[in-house]
Amino acid sequence: MKIEVLSSAYKDLQKGRNFYEKQSSSLGDYFFDSLFVDIDSLILYAGVHQNVFGYYRKLSKTFPFAIYYKINKTTITIWRILDCRQDPNQTTKDLA
């Protein structure tokens, strides 16, 4: 299987990276690397996560972020990577 990260998910990653970089130097890079480790783990574990709003949701091991993805026969598509601390109503809007 291959992994496809949509532009909406990549923008979410950039937003998170910028937030953490403002907190501490190099923390943004650590955030980015950690989330990509979580994304890469989907090669082995895609489909075992909870289904939320029609997407599979994998929670990051290191940061309070959730990876929302879908699976077809050949591709794991990452739709959004959202901060779990945001208003749940905003999460619903972001996934609509």
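Quick note: structure is the one above.
Residues numbered from 1 in each chain as written. Predicted model: local features only at pLDDT ≥ 70, side-chain atom pairs only at ≥ 80, totals over all residues. Heavy atoms only, no water.

A. Molecular detail of the sheet that holds strand 5 (residues 75–83). Strand order in the open sheet made by the five strands is 1-5-4-3-2, with mixed pairing throughout. Sheet topology places strand 1 (2–5) and strand 2 (50–52) at the edges, where each strand pairs with a single neighbour. Averaged over all adjacent pairs, the angle separating strand axes in this sheet is 40 degrees, with direction ignored. Here seven bridges tie strand 4 (residues 65–71) to strand 5, and the two strands are oriented antiparallel to one another. By the bridge assignment for strand 5, Ile67 is matched with Ile81. Helix-sheet contacts for helix 1 (residues 7–23) involve strand 1, strand 4 and strand 5, and the interaxial angle to strand 5 is about 35 degrees. Its contacts with the sheet put helix 4 (residues 88–95) on strand 3 (55–59), strand 4 and strand 5, and the angle it makes with strand 5 is roughly 150 degrees. (Pairing = 2+ DSSP bridges. Helix = DSSP H or I, 4+ residues; strand = E, 2+ residues; numbered from the N terminus. Axes fitted to C-alpha atoms, helices over the stretch in contact; angles between N-to-C directions. Contact = heavy atoms within 4.5 Å.)

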